[in-house]
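Per-entry structural report
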Amino acid sequence: MNDPIKSRERFARAQELIPGGVNSPVRAFKAVGLDPLFIDQAKGSKIYDIDDNEYIDYVCSWGPLILGHAHPDIVKAICRAAELGTSYGAPCEKEIELAQLICEAIPSIDKVRMVSSGTEATMSAARLARAYTGREKILKFEGCYHGHADSFLIKAGSGLLTAGVPTSPGIPIEYAGGTLVSSYNDIESLEDIFKISGRDIAAVIVEPIAGNMGLIIPENEFLVELRRITEQYGSLLIFDEVISGFRTCYGGYQNLIEIKPDITTLGKIIGGGLPVGAYGGRQDIMDWVAPEGDVYQAGTLSGNPVAMAAGSATLRLLKKHEYYTYINDLGQYMVNGIKKLLTSCGLEYQINHMGSMFSLFFTERQVKDYSTAVISDTKRFAKFYKTLLSEGIYFPPSQFEVCFISAAHTLPDIDRTLSAIEKGLYWSMQEG
Ligand SMILES: *Cc1c(COP(=O)(O)O)cnc(C)c1O
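As a starting point, this report considers the structure included with it. (Residues numbered from 1 in each chain as written. Predicted model: local features only at pLDDT ≥ 70, side-chain atom pairs only at ≥ 80, totals over all residues. Heavy atoms only, no water.)

With respect to the packing of aromatic side chains
Within the structure shown, the criterion is met by 15 aromatic pairs. Here Phe 246 and Tyr 250 contribute two aromatic rings whose centre-to-centre distance is 5.1 Å and whose plane-to-plane angle is 70°, an arrangement assigned as edge-to-face. Just as Phe 246 is buried, Tyr 250 falls in that class too. The rings of Phe 29, Tyr 55, Phe 362, Phe 381, Phe 384, Tyr 385 and Tyr 394 are connected pair by pair, giving a single aromatic cluster. (Phe/Tyr/Trp six-rings, centres within 6.5 Å; stacked < 30°, edge-to-face > 60°. Buried < 20%, exposed > 50% of the residue type's maximum accessible area, 1.4 Å probe, protein only.)

This is how it looks when you write it as structure tokens:
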């Protein structure tokens, strides 16, 4: 490994020009006490920094790159599309193609609107739900992330069960009042909130697999009860499948569990590495969106032909091949390997795992919601992380993120990763 001297230098320069030197906070590596690496190339399962170091990548652009970096078919689709013009501001056939792939893959989606990020998708879905139900409140779960729109940057308040408080300055306190917060996997607190405020709740938004407090798996009846209670009170159910969409199977996670939300939000994988988000659902709801209906939502670059081409190429490849079996098998192999290592070194840990996603928590208690996730030993994680990175393994630089395996990863990649993890665990147990 070369000392990442150029990265350090560039980071110093970036900090003079860009707040914190990054265009999205978690990239700054603050949670693990390191400087970020500057990447200049990526291919398959590997990324390369500007100091000529190679890493096996488990960030995969935070989820989108399920086929790995620079997949030749996707690159080809992007180049071909770009040659025909990068943006028209007018309808194009590529929009129909991606919309059709999405509607065919996810039965609860009759119609879908393309936007340019997951944030826009969830923000627009909430606006639509409020308009459709004529209600104002949105219920979310603590630790779930739905992008950075004002009404979602709200955490659970202390004191009163349901009163939210802003997680960021600059969010009017009234927004916090419009967002109720419950804990993930907790049906009882959900029922309590609905008893008090049910008739004011426009929608419940949930990550059907929670991936933004580390990976948290929904317990048996949690999503079933969520569907039942929202129906009972006439609230809409929004599945935020920005991460889980096309990750566990071809379609949404909802396909696997056979629960139909009213609205689904998508992003990440459906853009094939370009900026795309989408929200879709039942026709009678989606027809409220302008210009068919009155709920305003627009975008200069929405349905961008290059982004649509990347997304369609990705979904077509996913549909055609048995990638899910392959990446899920790799996931299982990885997790079995990590468990064996952890058991033999006697560390308290939890590993949450689904298919090609996993998170390792240094804690003895089962991690099933925000409060059980945050008690993890983040100092140990930082030490562990440092060793992994120096061994050429690029995990997300925070205890509270998910590792993603792509179809470009190989068994030798995983074996190399496991031997780095073994070293990482050893060093995480040393003093100092
Ligand atoms: C990433 C993410 C978002 C936000 O998407 P952006 O494209 O970053 O705006 C929303 N919801 C979930 C579940 C996400 O993981």
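Description of the side chain of Thr 122
Mapping Thr 122 onto the fold places it in helix 4 (residues 118-133). With relative accessibility at 1%, the residue Thr 122 sits in the buried group. Polar side-chain contacts of Thr 122 include one of 3.1 Å to the backbone oxygen of Thr 119. (Helix = DSSP H or I, 4+ residues; strand = E, 2+ residues; numbered from the N terminus. Polar contact = N/O pair within 3.5 Å; in protein donor to acceptor, adjacent residues only side chain to side chain.)

Examining helix 4
Here helix 4 spans 22 Å end to end across 16 residues, near enough to the 22 Å set by a 1.5 Å rise per residue. Every buried residue belonging to helix 4 is among Gly 118, Thr 119, Ala 121, Thr 122, Ser 124, Ala 125, Ala 126, Leu 128, Ala 129 and Thr 133, and all of these are buried. Gly 134 lies just past helix 4 and shows a positive phi near 65°. (Expected span 1.5 Å × (residues − 1).)

Describing helix 1 (residues 5-17)
Its 13 residues give helix 1 an end-to-end C-alpha distance of 19 Å, which sits within 8% of 18 Å, the value for a rise of 1.5 Å per residue. All buried positions along helix 1 are accounted for by Ser 7, Phe 11 and Ala 14. Buried residues of helix 1, viewed axially, fall in a sector of 65°; they line one side. (Arc of directions from axis to C-beta.)

Points about the sheet that holds strand 4 (residues 111-115)
Sheet architecture is open: 7 strands sit in the order 4-12-11-10-9-5-8, paired in mixed fashion. With partners counted over all chains shown, the strands left at the sheet margins are strand 4 and strand 8 (179-182), one partner each. Adjacent strand axes in the sheet meet at a mean angle of 20°, parallel and antiparallel pairs treated alike. Against the sheet, helix 6 (residues 187-197) contacts strand 5 (137-141), strand 8 and strand 9 (201-206), and its axis sits at roughly 150° relative to strand 8. (Pairing = 2+ DSSP bridges. Axes fitted to C-alpha atoms, helices over the stretch in contact; angles between N-to-C directions. Contact = heavy atoms within 4.5 Å.)

Description of the pattern of salt bridges
Under the definition given, this model contains 16 salt bridges. Among the salt bridges present, the one from Glu 104 reaches Lys 319, with a minimum N-O distance of 3.9 Å. Here Lys 319 lies in helix 10 (residues 305-320) and Glu 104 lies in helix 3 (residues 93-105), a separation of 215 residues in the sequence. Notably, a salt bridge pairs Asp 287 with Lys 111, separated by 2.8 Å at the nearest N-O pair. Of this pair, Asp 287 sits in the loop between helix 9 (283-286) and helix 10 while Lys 111 sits in strand 4, and the two are 176 residues apart along the sequence. Looking at Asp 287, the relative accessible area reads 22%, which means it is partly exposed. Overlapping salt bridges, with partners in common, bring together Arg 227, Glu 231, Asp 262, Arg 282 and Asp 284 in one network. (Salt bridge = Lys/Arg side-chain N within 4 Å of Asp/Glu carboxyl O.)

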